[in-house]
Amino acid sequence: MFGSAFGGPGPLLLLLLALGIDALFGDWLDRILPDPAGLARRFCNAADARLNRAERGKPAQLFRGALVVLALVLIAAAAGLLVEWIGSIGRGWMVELVALLCGLRGRAAWTRVRAVRRALESGGVVAGQEAIQSLTRRHVYGLDEHGIARAAVEAAARAFDRKLVAPVFGYALLGVPGLFVWTAMDGADAALGSPGVRHGRFGSTAATLDDALNALPARLAGLLLALAAPFIGTAKAGSALRALGRDARKHPSLNMGWPIAAMAGALGLALGGPHRDGGVVITENWIGDGRARVTPADIGRALALSAVASLLLVGLVALLLWGVAGI
């Protein structure tokens, strides 16, 4: 598996190469390469505006939303198969490498979370609210400094799962079609998966399929974050594992509780919790039994933890490559 039958590097070696390139140049590549999740989100937003009509009734909304998801999955899978077909011709493996770099957004997501810390430290709450706005579904203008920092730590945990572990898992399992389907459903869930009256039926298929596809990657992400804890100062692997067992299922999302609970337990924090949306208090469970007054320094600790967990993920891929090569 070090090389393909057509002379290029094999898929696992390509994956290792892509992970290294993303870690070094992901910020720059994020500005020039198309994002499959972003494209899927725009596709779903357009379909939502055109097809989602309350007057058509709930069964029709459910059916139309399912058709949108089916079309998206077919498009993503077909694009992945086309990339793999091109990759089988001559030096076409380079196209597959570019496809991998489009799907892996670990460094770019990491940098966006770091920007929240810098905004809080240099510009205070107002700057922090602006920086966190694209990284959370919460009403950001109701968040104080600690609420912004909690949201940023949660965003670091989610990004490690959704922008790195899940795409790696999809590609390792099903190649480029798997990578594109996993990332496309990430975008579909962002566009349609939020609870509420508008997307309760129309977006239910997107939310359900995204939950199914992300079930194993989310748990793997939580485990990797827990295993990374001993390498980060005062972080504790035992506390992370206890939080996984106790709090992972308390999160409103079926899967996001796993990386968030691992992050909270490892760093001795309490994440989640009640928050305001306008004048309404949204009640959510606390995840972790540590300190709720999260600070910008804790964002830095969360970023360090996710960076070490990313190295563990690279090691896991390398181990898989070694095992396959030895067969």
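Anyway, here's the lowdown on the structure attached to this text. (Residues numbered from 1 in each chain as written. Predicted model: local features only at pLDDT ≥ 70, side-chain atom pairs only at ≥ 80, totals over all residues. Heavy atoms only, no water.)

Take a nonpolar patch on the surface next. Together, L24, F25, W28 and I32 line one region of the surface with nonpolar side chains, adding up to about 460 Å² of accessible area. In this fold, W28 is placed in helix α1 (residues 11-32). On the basis of relative accessible area, W28 is assigned to the partly exposed category, the value being 46%. (Patch = residues over 30% accessible without salt bridge, like charges linked within 9 Å, V, L, I, M, F, W, Y side chains within 5 Å. Areas by Shrake-Rupley, 256 points an atom, 1.4 Å probe, with all protein chains shown as cover. Salt bridge = Lys/Arg side-chain N within 4 Å of Asp/Glu carboxyl O. Helix = DSSP H or I, 4+ residues; strand = E, 2+ residues; numbered from the N terminus. Buried < 20%, exposed > 50% of the residue type's maximum accessible area, 1.4 Å probe, protein only.)

A few words on the packing of helix α4 (residues 93-103) against helix α6 (residues 145-192). α6 packs onto α4 with a crossing angle of 140° between their chain directions and a minimal axis gap of 10 Å. Here α4 is positioned oblique relative to α6, judged by the angle of their axes. Seen along the crossing, α4 lies across α6 with a hand that is right-handed. On α6, the residues touching E96, A99, L100 and G103 of α4 are K163, P167, Y171, V176, L179, F180 and T183. Residue classes in the contact of α4 with α6 are distributed as seven nonpolar, two polar and two charged. (Axes fitted to C-alpha atoms, helices over the stretch in contact; angles between N-to-C directions. Parallel < 35°, antiparallel > 145°, perpendicular 65-115°, else oblique. Left-handed = near helix turned anticlockwise from the far one by under 90°. Contact = heavy atoms within 4.5 Å. Nonpolar A, V, L, I, M, F, W, Y, C, P; charged D, E, K, R; others polar.)

Here the focus is the environment of A266. Summarising the element assignment, A266 is placed in helix α10 (residues 257-267). In the structure, A266 is positioned 63 residues away from G203 in sequence and 34 Å away in space, judged by C-alpha atoms. Discounting residues that sit within four places of it in the chain, A266 has contacts with A229, T234, A235, K236, S239, A240 and L305.

With that out of the way, let us pick up the side chain of H251. For H251, the position within the fold is in the loop between α9 (237-247) and α10. We classify H251 as buried; its relative accessible area is 19%. Polar contacts involving the side chain of H251 include one to the main-chain amide nitrogen of S253, which spans 2.9 Å. Those residues within four positions of H251 in sequence are excluded, and the remaining contacts are M256, G257, I260 and I287. (Polar contact = N/O pair within 3.5 Å; in protein donor to acceptor, adjacent residues only side chain to side chain.)

Glancing now at α4. Across the 11 residues of α4, eight count as buried, placing the element largely inside the fold. Turning to α4, its buried residues are W93, E96, L97, A99, L100, L101, C102 and G103. At its buried positions, α4 is contacted by α1, α2 (36-51), α3 (58-87) and α6.

A few words on α10. Here α10 lies mainly inside the structure; 11 of its 11 residues are buried. All of the buried residues in α10 are G257, W258, P259, I260, A261, A262, M263, A264, G265, A266 and L267. Phi for G268, located one or two positions after α10, is positive at around 70°.

It is worth spelling out the state of the cysteines at this point. Disulfide: a covalent bond connecting the sulfur atoms of a pair of cysteines. This structure, assessed with the given rule, holds zero disulfides. In this model C44 remains outside any disulfide bridge; the closest cysteine sulfur is found in C102, 18 Å from its own. With a relative accessible area of 0%, C44 lands in the buried category. (Disulfide = S-S within 2.5 Å.)

If a probe as big as a water molecule is rolled over the atoms, it shows which places are left empty. Taken as a whole, the largest pocket spans an internal volume of roughly 1,500 Å³. Around the largest pocket, the lining is made up of 49 residues, and of these L135, T136, R137, R158 and D189 lie nearest the centre. Listed by contribution, the elements that provide at least two residues to the lining of the largest pocket are α5 (106-132), α6, α7 (199-202), α8 (204-228) and β2 (275-277). A class-by-class count of the residues in the lining of the largest pocket yields 14 nonpolar, 18 polar and 17 charged. What lines the second largest pocket is a set of 19 residues, and nearest its centre among them are A23, R107, L164, A307 and S310. For the lining of the second largest pocket, the element with the highest residue contribution is helix α11 (residues 296-325), accounting for seven residues. Taken together, the residues that form the lining of the second largest pocket break down as 13 nonpolar, three polar and three charged. (1 Å grid on protein atoms, 1.4 Å probe; cavity = no way out; pocket = protein on both sides within 12 Å on 5 of 7 lines; lining within 4 Å. Points joined across faces, edges and corners; volume = space filled by probe spheres on them.)

Moving on to the pattern of salt bridges. Overall, the coordinates contain 16 salt bridges when judged by the stated rule. In this structure, D30 and R112 form a salt bridge, with 2.6 Å as the shortest nitrogen-oxygen distance. In this pair, D30 is assigned in helix α1 and R112 in helix α5, connecting sequence segments 82 residues apart. For R112, a relative accessible area of 37% translates into the label partly exposed.

Moving on to the packing of α1 against α5. Across the interface, α1 lies against α5 with an axial gap of 7 Å and an inter-helix angle of 75°. When the axis of α1 is compared with that of α5, the two are roughly perpendicular. Contacts between α1 and α5 pair D22, A23, L24, G26, D27 and D30 from the former with G106, R107, A108, T111, R112 and R114 from the latter. Partitioned by chemical class, the residues of the contact of α1 with α5 number three nonpolar, three polar and six charged.

Let us now look at empty space enclosed by the protein. Overall, the coordinates contain three cavities of 30 Å³ or more when judged by the stated rule. In this structure, the largest cavity occupies an estimated 80 Å³ of space. Taken together, R162, A166, P167, W182, T183, M185, D186, D210, L213 and N214 make up the lining of the largest cavity. Those elements giving two or more residues to the lining of the largest cavity turn out to be α6 and α8. In the lining of the largest cavity, the residues fall into five nonpolar, two polar and three charged. If you trace the second largest cavity, you find it lined by D35, A37, G103, R105, R162, K163, P167, T183 and D186. Of the residues that constitute the lining of the second largest cavity, the class distribution is two nonpolar, two polar and five charged.

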